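Working through the structure, step by step
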Amino acid sequence: MSTQQPTSQPDVNSHKHEKDEDKQPVLESASATTSQDNRSGVAAYVIVAVVLMVLVALALTLCNVLEVVGTSIDWEDPNTYSFDDDDYDDLLDDLGIDDEHDISSGQSLTADNALDQYLGCIEYTVSDYVFASDYSGSQQAVATYVKALASRDASSAAEVKSHLRAAAATGDDATRASELQAAADAAASASEAIEALELPAESSVTGTKAADIIENLTDARDDALTRWNKIAQVIDMVTNPSGHTTRELSDLDDEASEVTDIALELTHALGNSASCK
């Protein structure tokens, strides 16, 4: 007779222990903002506060600037600004301008600064704008005249420039006066030489535009004479600066520096003589 073995019973205590473990509370680690060892949260607030303070300060500064500008403007005439006499005098002193003259007139011209002024009239010449290629195919009489006028303008400018530089470099009053006189003589000689240039005879210029060519050459000659008369005035102002200003000299120099119109008239003459024979 067999003996029946007792069936095994479940371990109740084991299951109970597992359930108790499942009910254990989960402990979270301290976050960045709650940890006592982490102060980054406080630093962020401090940075924001500082930025806000800077923005407020900039806004107040801008308001003050606008208020100052607003009080300096006559709103009935927005182009008019009010300056104190002291401010005006200080401005003239900073710019080195004599208050006897308006700001736009420049400084008083003197024997000391007259030769220091830039003179474009002797730096640029007609020949700078009449190129060798412009002569290609042109009629001989026209090319000869153009070359003679352009060459005379260039050589005379170089001569005047040399004398003015010598005058500026010397410390001797007599030598300076002599060089300035030599510059004046060179300018006068240039005018005489240009006026003496004989225009091509109408019979020597052929083609349908012969009259236009002669007119171009005549206009170029007249404009060149005007240029050299202006250069003579520039030299006279440098030699006798009293009563003049740097602005006057600059304006006169601009007029005397006009060479592009002369060059255009000459190149038109060359081009027409080449295309219409």
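Treat the numbers as computed from the prediction; the structure is a model and nothing was measured. (Residues numbered from 1 in each chain as written. Predicted model: local features only at pLDDT ≥ 70, side-chain atom pairs only at ≥ 80, totals over all residues. Heavy atoms only, no water.)

1. Observations regarding the side chain of Arg 227
Note that Arg 227 resides in helix α6 (residues 210-239). Side-chain polar atoms of Arg 227 contact the backbone oxygen of Cys 121, separated by 3.2 Å. When neighbours within four sequence positions are excluded, Arg 227 is seen to be in contact with Cys 121, Tyr 124, Thr 125, Asp 153, Ala 157, Ala 256, Ser 257, Glu 258, Val 259 and Ile 262. (Helix = DSSP H or I, 4+ residues; strand = E, 2+ residues; numbered from the N terminus. Polar contact = N/O pair within 3.5 Å; in protein donor to acceptor, adjacent residues only side chain to side chain. Contact = heavy atoms within 4.5 Å.)

2. Concerning the packing of helix α5 (residues 173-196) against α6
At a minimum axis separation of 9 Å, α5 and α6 run at an interaxial angle of 170 degrees. Judged by the inter-axis angle, α5 sits roughly antiparallel to α6. Contact residues: Leu 180, Ala 183, Ala 184, Ala 187, Ala 190, Ser 191, Ile 194 and Glu 195 in α5; Arg 221, Ala 224, Leu 225, Trp 228, Asn 229, Ile 231, Ala 232, Ile 235, Val 238 and Thr 239 in α6. Grouping the amino acids of the contact of α5 with α6 by side-chain chemistry returns 13 nonpolar, 3 polar and 2 charged. (Axes fitted to C-alpha atoms, helices over the stretch in contact; angles between N-to-C directions. Parallel < 35°, antiparallel > 145°, perpendicular 65-115°, else oblique. Nonpolar A, V, L, I, M, F, W, Y, C, P; charged D, E, K, R; others polar.)

3. Quick word on the pattern of salt bridges
Side chains that differ in charge, positive against negative, can pair when their charged atoms come close. Within the structure shown, the criterion is met by 5 salt bridges. Lys 161 serves as the salt-bridge partner of Glu 123, at 3.1 Å between the closest nitrogen and oxygen. One end of the pair, Glu 123, is in the loop between α3 (85-95) and α4 (140-169); the other, Lys 161, is in helix α4, and 38 residues separate them in sequence. Judged by its relative accessible area of 32%, Glu 123 falls in the partly exposed class. (Salt bridge = Lys/Arg side-chain N within 4 Å of Asp/Glu carboxyl O. Buried < 20%, exposed > 50% of the residue type's maximum accessible area, 1.4 Å probe, protein only.)

4. Concerning the layout of surface pockets
Roughly 150 Å³ of volume is contained in the largest pocket. In terms of lining residues, the largest pocket is bounded by Ala 114, Leu 115, Gln 117, Tyr 118, Leu 119, Ile 122, Glu 123, Lys 161, Leu 164, Arg 165, Ala 168 and Val 238. A per-element tally of the lining of the largest pocket places α4 first, with 4 residues. The residue inventory of the lining of the largest pocket, partitioned by class, reads 8 nonpolar, 1 polar and 3 charged. (1 Å grid on protein atoms, 1.4 Å probe; cavity = no way out; pocket = protein on both sides within 12 Å on 5 of 7 lines; lining within 4 Å. Points joined across faces, edges and corners; volume = space filled by probe spheres on them.)

5. Details of the packing of aromatic side chains
One pair of aromatic rings is described through two measures. These are the centre distance and the angle between the planes. Evaluated as defined, the whole model comprises 0 aromatic pairs. Taking NZ or CZ as reference, Lys 147 lies 5.4 Å from the ring centre of Tyr 135, over its face. (Phe/Tyr/Trp six-rings, centres within 6.5 Å; stacked < 30°, edge-to-face > 60°. Lys NZ or Arg CZ within 6 Å of the ring centre and 35° of its normal.)

6. Description of α5
The end-to-end C-alpha distance of α5, which contains 24 residues, comes to 35 Å, matching closely the 34 Å that a straight helix rising 1.5 Å per residue would cover. For α5, the complete set of buried residues consists of Leu 180, Ala 182, Ala 183, Ala 186, Ala 187, Ala 190, Ser 191 and Ile 194. Where α5 is buried, its residues meet α4 and α6. (Expected span 1.5 Å × (residues − 1).)

7. Let's talk about a nonpolar patch on the surface
On the surface, a nonpolar cluster with roughly 810 Å² of combined accessible area is contributed by Val 46, Ile 47, Val 48, Val 50, Val 51, Leu 52, Val 54, Leu 55 and Leu 58. Locating Val 50 in the fold gives a position in helix α2 (residues 40-72). (Patch = residues over 30% accessible without salt bridge, like charges linked within 9 Å, V, L, I, M, F, W, Y side chains within 5 Å. Areas by Shrake-Rupley, 256 points an atom, 1.4 Å probe, with all protein chains shown as cover.)

8. Considering the confidence of the model for the protein chain
When the pLDDT values of the protein chain are averaged, the result is 82; 70% of them are 70 or greater. For residues 27-33, every residue scores under 50 in pLDDT, and the model assigns this stretch 3 contacts once sequence neighbours within four places are set aside. Predicted confidence is poor over residues 99-103, with pLDDT under 50, and the contacts of this stretch with residues over four places away or in other chains come to 8 contacts. (pLDDT = per-residue confidence, 0-100.)

9. What about the packing of α6 against helix α7 (residues 246-256)?
Helix packing for two helices is described by the angle between their axes and how far apart those axes are. The geometry of α6 relative to α7 is characterised by a closest axis approach of 8 Å and an angle of 155 degrees between their N-to-C directions. With respect to their mutual orientation, α6 and α7 come out roughly antiparallel. In this structure, α6 meets α7 at a crossing whose hand is left-handed. Judged by residue contacts, Arg 227, Lys 230, Ile 231, Gln 233, Val 234, Met 237 and Val 238 of α6 engage Glu 248, Leu 249, Leu 252, Asp 253, Glu 255 and Ala 256 from α7. Per-class residue counts for the contact of α6 with α7 are 7 nonpolar, 1 polar and 5 charged. (Left-handed = near helix turned anticlockwise from the far one by under 90°.)

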